[in-house]
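Read off the chains here:
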Amino acid sequence: MENLVIGIDVGGTKIAAGLIDRNASFIARGISHSHCGCSPDQVVAEIDQIVERLLATPNVDRSSILGVGVGISGHVHGERGIVMTNSNLPDWDYYPLRDTLKTHLGFPVVIDNDANCAAWGEYLHGAGRGSKDMCYVTFSTGCGMGIVINGRLYRGASGTAGEIGHTVVNPDGPLCSCGKHGCLMSYACGMALDRMARDCLQSGEDTLLKSVCGDCPDKVSAEQVAEAARQGDQAALRLLDLAGRYFGIGLSTIVQVLNPDTIVIGGGLVNIGPLLLEPCIKTLNENIHPVLVNSARIVMSELWNDAGVIGAGALIGEIEP
Ligand SMILES: [Zn+2]
């Protein structure tokens, strides 16, 4: 086997990896759950071990590996190879991840923001195939975006383009992890649903959420909100409607500003389905200029959890290591 790449997706709770051929088929997979909250050095050591395990795949020679692409959350300057900040993982400010990994692994390495990687994966091998101007939006624990313009990933002046989650939609809204108030991410992601459900329980509202979370507001989750909503609970339905509407506002901003031909929606929360997506699409159409209604094809992710790994691997050759 020749011309293989290794793609790695460093998330807040796990590192997923794949040994991938040029058709985006997985030759082998690797995963680690042991890095969460660790220092950069520990993450590097973990990646080192995953790569060694992938290289032990039968019939795979070291010389057949073109390079290693790494997607990581936070502000990432891909061209400089630096993680500038990462709110999920402490101690990462201005960490030279690319060059450190290069030294450890002995391969060319490229790094980028995880949403950019997922966008690139979907554009080349997933739901964005055939598009020209595409946005990939993820709706999971947090929310993020990757932008492809005219067939190229668009990163912006310092590599942080696409931070839709931290656009302010309500200056009087709740405090966001970034220090601002009322970011889109304060309403339209899993963390936001957790918080809104907690607030609802603490307000004493009569809701099924009480029993589904075992009367423990601190443990209530977005999945439990979805479960209560499916049972017809009015409070849970209202929260999903609110999150969906804010997500729609985020999409309307994307359509107004970038006018993409395709928007790919990914992330685990999308699995909640119509209770979330119907208010989202309705709000999207209500908040854009009439000439833009239906201008973008809105499609679900095809690669789901693999998008980040496939896209990170596909970055090899896309930007100079
Ligand atoms: Zn924010």
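Provided above is the structure to which this section pertains.
Keep in mind that this is a model prediction, so the values were computed, not measured.

Participant: Just checking my understanding: could you explain the pairing of strand β4 (residues 65-72) for this structure?
Facilitator: Residues in a regular strand project their side chains so that they alternate between the two faces of the sheet. Counting buried positions along β4 gives seven out of eight residues, so the element sits mostly inside the fold. In this structure, strand β1 (residues 4-10) lies alongside β4, joined through seven bridges in parallel fashion. Bridged to Ile 8 within β4 is Val 70. Pairing analysis gives five bridges linking β4 to strand β7 (residues 109-113), with the strands arranged parallel. Residue pairing across strands places Val 70 opposite Ile 111, the latter belonging to β7.

Participant: What should I look at first to understand the coordination of the zinc ion in this one?
Facilitator: Four donors placed tetrahedrally around a metal ideally meet at 109.5 degrees, and six donors placed octahedrally ideally meet at 90 or 180 degrees. The zinc ion binds to the protein through His 166 (ND1), Cys 176 (SG), Cys 178 (SG) and Cys 183 (SG); the donor distances cover 2.0 to 2.3 Å. Because the angles between the four donor atoms bound to the zinc ion fall within 105 to 121°, the donor set is best described as tetrahedral. In primary-sequence terms, the residues that donate to the zinc ion follow H-x9-C-x1-C-x4-C. Taken as a pair, His 166 in the loop between β10 (152-154) and α4 (190-202) and Cys 178 in the loop between β10 and α4 lie far apart in primary sequence, 12 residues in all. Look at Cys 178 and you get partly exposed, because its relative accessible area is 35%.

Participant: What exactly am I supposed to notice about the packing of aromatic side chains here?
Facilitator: How two aromatic rings sit relative to each other is given by the distance of their centres and the angle of their planes. On inspection of all chains with the given rule, the structure shows four aromatic pairs. Between the aromatic rings of Tyr 187 and Tyr 246, the centroid separation amounts to 4.0 Å while the plane-to-plane angle is 10°, which identifies the pairing as stacked. Highlighted residues: Tyr 187 in the loop between β10 and α4 and Tyr 246 in helix α7 (residues 234-258), separated in sequence by 59 residues. No difference in accessibility class separates Tyr 187 from Tyr 246, as the two residues are buried. Across from the ring centre of Phe 26, 3.8 Å away, lies the NZ or CZ of Arg 29, which sits over that ring.

Participant: Can you walk me through unusual backbone geometry in this structure?
Facilitator: If a residue is not glycine, its phi is most likely negative; likewise, a peptide bond is most likely trans. With phi around 65°, Asn 59 is a residue other than glycine that occupies positive phi space. Note that Asn 59 resides in the loop between α1 (40-55) and β4. Note on Asn 59: relative accessible area 68%, which makes it exposed. Its identity is not glycine, yet Asn 150 carries a phi of approximately 50°, on the positive side. Tracing the chain through its elements places Asn 150 in the loop between β9 (143-149) and β10.

Reading the values: the criteria
- Residues numbered from 1 in each chain as written.
- Predicted model: local features only at pLDDT ≥ 70, side-chain atom pairs only at ≥ 80, totals over all residues.
- Heavy atoms only, no water.
- Buried < 20%, exposed > 50% of the residue type's maximum accessible area, 1.4 Å probe, protein only.
- Helix = DSSP H or I, 4+ residues; strand = E, 2+ residues; numbered from the N terminus.
- Pairing = 2+ DSSP bridges.
- Donors = N, O, S within 2.8 Å, 3.2 Å for Na, K, Ca; no water.
- Tetrahedral: all angles 85-135°; square planar, octahedral: opposite > 155°, others 65-115°.
- Phe/Tyr/Trp six-rings, centres within 6.5 Å; stacked < 30°, edge-to-face > 60°.
- Lys NZ or Arg CZ within 6 Å of the ring centre and 35° of its normal.

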